[in-house]
Amino acid sequence: MSGLALFLRRSSRVLWRASPGVLPLLRPPPAGLTCVVTAGKKDLIHLPALIEDELEEQFVRGSGPGGQATNKTSNCVVLKHIPTGIVVKCHQTRSVDINRKRARDIMREKLDVAYKGELSDVVVKKKESMQRKQEKRRKANENLERKRQFKEALAADSKPGNDTV
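Per an unreviewed UniProt entry, the chain goes by the name Mitochondrial translation release factor in rescue and belongs to Acanthochromis polyacanthus. UniProt, in its Subcellular location (unreviewed entry) section for the chain, records the words "Mitochondrion".

Chemist: Summarise the packing of helix 2 (residues 96–116) against helix 3 (residues 121–157); cite the residues concerned and give the values.
Modeler: Where helix 2 meets helix 3, the closest approach of the two axes is 7 Å, and the angle between their N-to-C directions is 95°. If you check the angle between helix 2 and helix 3, you find them roughly perpendicular. In this structure, helix 2 contributes Glu109, Asp112, Val113 and Lys116 to the contact, and helix 3 contributes Asp121, Val122 and Val123. A class-by-class count of the residues in the contact of helix 2 with helix 3 yields three nonpolar, no polar and four charged.

Chemist: With reference to specific residues and values, describe the pattern of salt bridges.
Modeler: Summed over the entire model, instances satisfying the criterion amount to twelve salt bridges. Among the ionic pairs, aspartate 105 bridges to arginine 108, the shortest N-O distance being 3.0 Å. Here aspartate 105 pairs with arginine 108, and both are found in helix 2, just three residues apart, close to one helical turn. Taking relative accessible area as the criterion, arginine 108 reaches 13% and is therefore assigned buried. Three or more residues joined by partner-sharing salt bridges are found here, namely Glu52, Glu57, Arg100 and Arg104.

Chemist: Now, about helix 2: what can you tell me, with residues and values included?
Modeler: If you check helix 2, its first and last C-alpha atoms are 30 Å apart, about what 21 residues at 1.5 Å a residue would give, namely 30 Å. Buried within helix 2 are the following residues: Asn99, Ala103, Arg104, Asp105, Met107, Arg108, Glu109, Leu111 and Asp112. A side-chain oxygen of the first residue of helix 2 lies 3.4 Å from the backbone nitrogen of aspartate 97; this N-cap is serine 95. Glycine 117, located one to two residues past helix 2, shows a positive phi value of around 65°.

Chemist: Could you give an account of helix 3, with specific residues and numbers?
Modeler: Spanning 37 residues, helix 3 covers 54 Å between terminal C-alpha atoms, matching the ideal 54 Å at 1.5 Å per step. Backbone nitrogen of valine 122 and a side-chain oxygen of the N-cap are separated by 3.3 Å at the start of helix 3; the cap is serine 120.

Chemist: I'd like to hear about the environment of valine 123, residue by residue, with values.
Modeler: You can see valine 123 is positioned in helix 3. In the structure, valine 123 is positioned ten residues away from valine 113 in sequence and 7.0 Å away in space, judged by C-alpha atoms. Not counting the four nearest positions on each side in its chain, valine 123 is found in contact with Val113, Gly117 and Glu118.

Chemist: Describe the sheet that holds strand 5 (residues 86–90), naming the residues involved and giving the relevant values.
Modeler: Strand order in this open sheet of three strands is 3-4-5, and the pairing throughout is antiparallel. Every interior strand has two partners, whereas the edge strands, strand 3 (55–60) and strand 5, have only one. When strand polarity is set aside, the average angle formed by the axes of neighbouring strands in this sheet is 15°. Direction of pairing for strand 4 (residues 76–81) relative to strand 5: antiparallel, over a ladder of five bridges. Each bridged residue has a counterpart across the sheet, and for leucine 79 the counterpart in strand 5 is valine 88. Sheet contacts for helix 2: strand 3, strand 4 and strand 5; angle to strand 5, the most-contacted strand, approximately 150°.

Reading guide: rules and limits
- Residues numbered from 1 in each chain as written.
- Predicted model: local features only at pLDDT ≥ 70, side-chain atom pairs only at ≥ 80, totals over all residues.
- Heavy atoms only, no water.
- UniProt positions renumbered as here; feature names shortened; annotations may be inferred.
- Axes fitted to C-alpha atoms, helices over the stretch in contact; angles between N-to-C directions.
- Helix = DSSP H or I, 4+ residues; strand = E, 2+ residues; numbered from the N terminus.
- Parallel < 35°, antiparallel > 145°, perpendicular 65-115°, else oblique.
- Contact = heavy atoms within 4.5 Å.
- Nonpolar A, V, L, I, M, F, W, Y, C, P; charged D, E, K, R; others polar.
- Salt bridge = Lys/Arg side-chain N within 4 Å of Asp/Glu carboxyl O.
- Buried < 20%, exposed > 50% of the residue type's maximum accessible area, 1.4 Å probe, protein only.
- Expected span 1.5 Å × (residues − 1).
- Polar contact = N/O pair within 3.5 Å; in protein donor to acceptor, adjacent residues only side chain to side chain.
- Pairing = 2+ DSSP bridges.

In structure tokens, the structure reads:
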């Protein structure tokens with residue numbers, strides 16, 4: 001099986017590459033990049049596939065809260081992509097298997113950013129999220145300003161000696 005036809009299998013469905021006119025979600029990847037459908041991230045569909053020969057994996061002792069469970073077990077995964085020199089360290093759970101999977105997911109996202117730059121799905125989603133957050137903050141400030149002006153108008157109308165009736 002070639003690297004271009006590699007897709008993850010989820011439940012009983014297998015996603016096969018179709019012609020560009022059939023399904024827009026299964027368009028071929030950019031030239032030279034192998035892509036993988038990421039499970040659970042519907043908005044980040046095309047991420048570069050990891051070639052295991054290009055990865056260097058180490059298991060080191062974790063740190064942080066958790067006491068003996070984290071300080072004496074080597075369940076922290078350090079993953080290095082040799083061609084680019086990108087290093088990912090993952091110690092999110094106590095399980096080595098889950099940490100390995102999460103480290104690879106993080107590595108795919110970092111490689112996507114390294115290869116595509118500003119056009120990366122990860123960067124585009126982050127920018128959209130920041131714009132939504134700024135818009136929400138702007139609307140909240142506008143509402144607060146309107147409330148302040150309304151209260152000032154009510155206070156000015158209710159002052160004694162301001163009888164306009």
